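Observations on chain architecture
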Amino acid sequence: MNKYFSTKMSIFVFASPALLLFTVFCVYPLLPEIWMSLHKHDGFRNLGFVGLDNYKDVMASPSFWSAHKNTYLIVGISLLLGLPLSMMLSLFMDAQTPRFRRFFKTAAMFPAILSVTVVAQIWLAFYEPNWGLFNSILQSLGLSSWTHSWLTEMKTVMPSIGVTFLWQYIGLNAMLFYTGIKTIPKSYYEAALIDGANFVQVCLRITIPLLQNVIKYVLILSTLGSMAFYSHVRVMTAGGPGDTSRTVIYQMYYTAFDTSEFGKGTAIAVIFILECLLISFVIQRYVAREKLEF
């Protein structure tokens, strides 16, 4: 029986239903988009085959690379700040009593279940230059020179939107880490305490290494979620001032729907999909390669 199930043909037979569904719902819908990206299209009419000209025009546009810069800035904020903070929050929750743990679980998940529009409106009030929370606090502390028009200055607009995004989803990532922590056998921690390990040593030598599969999952989720960053920009700045806060997804939307250049818009979409596939491959290939069993 084991010999039968180990053959390549049997593996293909059992995997074929999933492969069929993946092909129908994921691969096939991409083919018309790829075909459209090779044509000049206004959303209603095909105006002729242009080959790779759409890709050349898109990649020659400064707005395209500015959108990439903004997108990867959000990715950097999400990974370099968000993941460490999420990990610390999950460790903090795990150290609490059951009563406080329930409170922190609810508080951590609350922003993630809110509508993006609601979250954006809350933070718009925080960033308001005249009566907003942040400028009011700075003025009350005598730091008026530190106040900004946060969402209309080129230097502050993207970090400000990134902090909003970070605040909304940091609790969700913390809950994913916390769920992984609860799967680690308690005997490991008991042995570490007997050996005299402190909290930091336990985290660095036991918790984080045994969470590598969860870390990989959260890394992929956070990276691709950050790259698909659109709604916060749409509500908070509409890509402004000018085009300085556009992300790749926003640039795709603007090109296709605001300028009616659907061929170029789909070209941006195809490039974006390839980037996401490449990033996913790199993470899968080089992060958490060892299989841990406990």
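Each residue is numbered by its place in its chain's sequence as written, counting from 1. The predicted origin of the model limits local features to residues at a pLDDT of at least 70 and limits the giving and counting of side-chain atom pairs to 80 or more, whereas totals for whole chains, interfaces and linings rest on all residues. With hydrogens and water excluded, all non-hydrogen atoms of the structure serve as input to the side-chain values.

Right, let's talk about the overall build of the protein chain for a bit. Helices and strands together make up the secondary structure of the protein chain, namely 15 helices and two strands. Expressed along its principal axes, the backbone C-alpha trace of the protein chain runs to roughly 75 × 75 × 25 Å. For the protein chain, the proportion of its 294 residues judged to be buried stands at 39%. Residue-level accessible areas treat just the shown protein chains as cover; the underlying method is Shrake-Rupley with a 1.4 Å probe. Surface accessibility of the protein chain: about 17,500 Å² in total, with carbon and sulfur atoms responsible for 69%. By the counting scheme adopted, Arg and Lys are positive, Glu and Asp are negative, and His together with the chain ends is not counted. By convention, charge coordinates are those of NZ in Lys, CZ in Arg, CG in Asp, or CD in Glu. Here the protein chain carries 21 positive and 15 negative side-chain charges, and the mean point of each set is 8 Å from the other. A run of DSSP states H or I qualifies as a helix once it reaches four residues; a run of E qualifies as a strand once it reaches two. Both are numbered from the N-terminal end. Per-residue accessibility, obtained with a 1.4 Å probe over protein chains only, is compared with the maximum for each type, and a residue is labelled buried under 20%, exposed over 50%, and partly exposed between these values.

What follows deals with the environment of F49. Secondary-structure assignment places F49 in strand β2 (residues 46-49). Placed 29 residues apart in sequence, F49 and L20 show a C-alpha to C-alpha distance of 31 Å. Any two residues whose heavy atoms approach within 4.5 Å are treated as being in contact. Beyond its immediate sequence surroundings of up to four residues, F49 is in contact with L38 and H39.

Take the buried residues of types Ala, Val, Leu, Ile, Met, Phe, Trp, Tyr and Cys, join any two whose side-chain atoms come within 4.5 Å, and each joined set is a nonpolar core. Judged by nonpolar contacts, the single largest core of 49 residues is most densely connected at I161, I206 and M236. Counting residues per element, this core draws most heavily on helix α15 (residues 262-286), which supplies eight residues. Once you skip the residues sitting within four places of it in the chain, I161 turns out to touch L151, F229, H232, V233, M236, T237 and S245. Membership of the second largest hydrophobic core comes to five residues, among which are M93, A108, A174 and M175.

Two quantities define a packed helix pair, namely the angle between the axes and the distance from one axis to the other. Here an angle of 0 to 180 degrees is reported between the N-to-C directions of two axes, which are lines fitted to C-alpha atoms, with helices fitted over the stretch in contact. Between helix α12 (residues 212-227) and α15, the least distance of the axes is 10 Å, while the angle of their chain directions is 165 degrees. Judged on the interaxial angle alone, α15 and α12 are roughly antiparallel. Considering only the axes of α12 and α15, their crossing is right-handed. Note on element contacts: α15 touches α12 through F272, E275, C276, I279, S280, I283 and Q284, opposite K216, L219, I220, T223, L224 and M227. Think of it as three bins: nonpolar holds Ala, Val, Leu, Ile, Met, Phe, Trp, Tyr, Cys and Pro, charged holds Asp, Glu, Lys and Arg, and polar takes everything else, Gly as well. Split by residue class, the contact of α12 with α15 holds eight nonpolar, three polar and two charged. Small angles under 35 degrees read as roughly parallel and large ones over 145 as roughly antiparallel, with 65 to 115 read as roughly perpendicular and the rest as oblique. Each crossing gets its hand from how the near helix is turned against the far one by less than a right angle, where anticlockwise is left-handed and clockwise is right-handed.

To continue, consider a nonpolar patch on the surface. Each patch groups residues whose relative accessible area exceeds 30% and which form no salt bridge, using 9 Å between like charges and 5 Å between nonpolar side chains of Val, Leu, Ile, Met, Phe, Trp and Tyr. A carboxyl oxygen of Asp or Glu within 4 Å of a side-chain nitrogen of Lys or Arg is what we treat as a salt bridge. A contiguous nonpolar surface patch, about 560 Å² in accessible area, is contributed by M9, F12, V13, F14 and L19. Checked against the element boundaries, F14 lands in helix α2 (residues 8-27).

Right, let's talk about the packing of aromatic side chains for a bit. Only Phe, Tyr and Trp rings take part, Trp by its six-membered ring, and two of them pair if their centres are within 6.5 Å. Stacked means planes under 30 degrees apart, edge-to-face means over 60, and tilted covers everything else. According to the stated counting rule, one finds 18 aromatic pairs in the structure shown. Among the aromatic residues, ring-to-ring pairing joins W123, F126, Y127, F134, W150 and W167 into one connected group. Sitting over a ring, as applied to charges here, requires NZ of Lys or CZ of Arg to be within 6 Å of the ring centre and within 35 degrees of the ring normal. When the ring centre of Y286 is taken as reference, the NZ or CZ atom of R285 above it lies at 5.3 Å.

Given a helix with a known number of residues, its expected span is that number minus one, times 1.5 Å. The end-to-end C-alpha separation of helix α7 (residues 116-127) is 16 Å, in line with the 16 Å expected for 12 residues at 1.5 Å each. Contacts from the buried residues of α7 go to α6 (98-113), α8 (133-140), α9 (157-181) and α13 (231-236). Polar contact is defined as a pair of N or O atoms within 3.5 Å, subject to the rule that within protein one atom must be able to donate a hydrogen and the other to accept it, and that residues adjacent in sequence are counted only when both atoms are side-chain atoms. The opening residue of α7, the one whose side-chain oxygen lies 3.2 Å from the backbone nitrogen of T117, is S115.

Structurally, H41 can be placed in strand β1 (residues 39-41). We classify H41 as buried; its relative accessible area is 14%. At 3.4 Å, the side chain of H41 forms a polar contact with the backbone oxygen of R45. When sequence neighbours within four positions are dropped, the list of residues in contact with H41 reads M36, N46, S260, E261, F262 and G263.

As a further point, take the pattern of salt bridges. Between side chains of opposite charge, a pair can form as their charged atoms come close. This structure, assessed with the given rule, holds four salt bridges. The network of salt bridges with shared partners includes D57, E261 and K264.

Now for the pairing of β2. Along any regular strand, the residues point their side chains to alternate faces of the sheet. Relative to β2, β1 runs antiparallel, the two being bridged by two bridges. Its bridge partner lying in β2, H39 is registered against F49. Here β1 folds back onto β2, and the loop between the two strands holds four residues, one of which, G43, carries a positive phi near 95 degrees. We call two strands paired when DSSP finds no fewer than two bridges between them.

Right, let's get into unusual backbone geometry. Cis peptide bonds are those with omega within 30 degrees of zero, and the linkage from G240 to P241 qualifies with -5 degrees. One non-glycine residue, A238, lies in positive phi territory at about 55 degrees. Of note, A238 is situated in the loop between α13 and α14 (248-258). Residue classification places A238 among the partly exposed residues on the basis of a relative accessible area of 43%. Positive phi is not limited to glycine here, since S260 has a value of about 60 degrees.

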